[in-house]
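Spelled out from the first residue to the last, the chains are:
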Amino acid sequence: MPTTKKESILFGTMMCFGMVLFMSVYNLFLNGLIGELSVGEMLIEGAIGFMIALLLDLFLVGPAAKKVAFMLPYDKSKKVYVILAISFCMVVGMVLFMSLYGLGTALLTNGGMTGSMITSYFSIVIKNFIVAFPLQLLIMGPIVRFLFVKIVKAKNSMRVA
């Protein structure tokens, strides 16, 4: 999809925004915080989560996911397989890191925990992966690719012509 560094940053920003938006709402709902937090608090939490996710995507998880995805044994001549491999690796990496962020946020806001931190972390990871993988593959991925081609690629092709 993206062919330049600028396009990669824009694509990553669009994908992160959509994923963080939906996953934040999901986690707020899951933890019963929709009515508890003010709109301002939710916006601040969302903005912080977005910034962390974007930094992870651009500098850590994104490059590592692409490297791992291209090391996997599959037919790389088929674009759909490449997209699926990168998406899978991205979701795994982002869920692992953003679940740590969620656990840290919960510890800071709620104070203590009722169970083991490791058990809580893996519970969060599983709950997030169950939603993040289909969200990325079936909803956000296609929407962002469509918008990226329509807006960014169309704009760039008009500049060239």
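Let me sum up the structure you'll find in this document. Because the structure is a prediction, the values reported are computed rather than measured.

### Focus: the packing of aromatic side chains
On inspection of all chains with the given rule, the structure shows six aromatic pairs. Centre to centre, the rings of Phe-11 and Phe-148 are 5.3 Å apart; their planes meet at 85 degrees, and the pair counts as edge-to-face. With Phe-11 in helix H1 (residues 5-30) and Phe-148 in helix H4 (residues 117-160), the pair connects residues that are 137 residues apart, well separated along the chain. Classification of Phe-148 by relative accessible area gives buried; the value is 0%. The structure contains a cluster of three or more aromatic residues connected by ring pairs, namely Phe-88, Phe-129 and Phe-133. When the ring centre of Tyr-74 is taken as reference, the NZ or CZ atom of Lys-76 above it lies at 4.4 Å.

### Quick look at the side chain of Asn-128
Here Asn-128 lies in helix H4. Asn-128 gets classed as buried once you look at its relative accessible area, which sits at 6%. If near-sequence neighbours (up to four positions away) are discounted, Asn-128 is found in contact with Met-23, Tyr-26, Asn-27, Val-95 and Ser-99.

### Examining the packing of H1 against helix H2 (residues 39-71)
In a pair of packed helices, the angle between the axes and the distance between the axes together describe the arrangement. Two elements in contact, H1 and H2, have axes separated by 9 Å at closest approach and are oriented at 135 degrees. Between H1 and H2, the angle falls in the class oblique. The crossing of H1 and H2 is right-handed. The segment H1 lies against H2, with Ile-9, Gly-12, Thr-13, Cys-16, Phe-17, Val-20 and Leu-28 engaging Met-42, Gly-46, Gly-49, Phe-50, Ala-53, Leu-54, Asp-57 and Leu-58.

### Comments concerning the side chain of Gln-136
Structurally, Gln-136 can be placed in helix H4. For Gln-136, the side chain forms a polar contact with the side chain of Ser-87, separated by 3.2 Å.

### Structural notes on the environment of Lys-67
Relative to the helices and strands, Lys-67 is located in helix H2. For Lys-67, a relative accessible area of 61% corresponds to the exposed category.

### Notes on a nonpolar patch on the surface
A contiguous nonpolar patch, built from Phe-17, Leu-21, Phe-22, Val-25, Phe-29 and Ile-34 and spanning about 630 Å² of accessible area, is present on the exposed surface. Relative to the elements of secondary structure, Phe-17 occurs in helix H1.

Scoring rules and cut-offs
- Residues numbered from 1 in each chain as written.
- Predicted model: local features only at pLDDT ≥ 70, side-chain atom pairs only at ≥ 80, totals over all residues.
- Heavy atoms only, no water.
- Phe/Tyr/Trp six-rings, centres within 6.5 Å; stacked < 30°, edge-to-face > 60°.
- Helix = DSSP H or I, 4+ residues; strand = E, 2+ residues; numbered from the N terminus.
- Buried < 20%, exposed > 50% of the residue type's maximum accessible area, 1.4 Å probe, protein only.
- Lys NZ or Arg CZ within 6 Å of the ring centre and 35° of its normal.
- Contact = heavy atoms within 4.5 Å.
- Axes fitted to C-alpha atoms, helices over the stretch in contact; angles between N-to-C directions.
- Parallel < 35°, antiparallel > 145°, perpendicular 65-115°, else oblique.
- Left-handed = near helix turned anticlockwise from the far one by under 90°.
- Polar contact = N/O pair within 3.5 Å; in protein donor to acceptor, adjacent residues only side chain to side chain.
- Patch = residues over 30% accessible without salt bridge, like charges linked within 9 Å, V, L, I, M, F, W, Y side chains within 5 Å.
- Areas by Shrake-Rupley, 256 points an atom, 1.4 Å probe, with all protein chains shown as cover.
- Salt bridge = Lys/Arg side-chain N within 4 Å of Asp/Glu carboxyl O.

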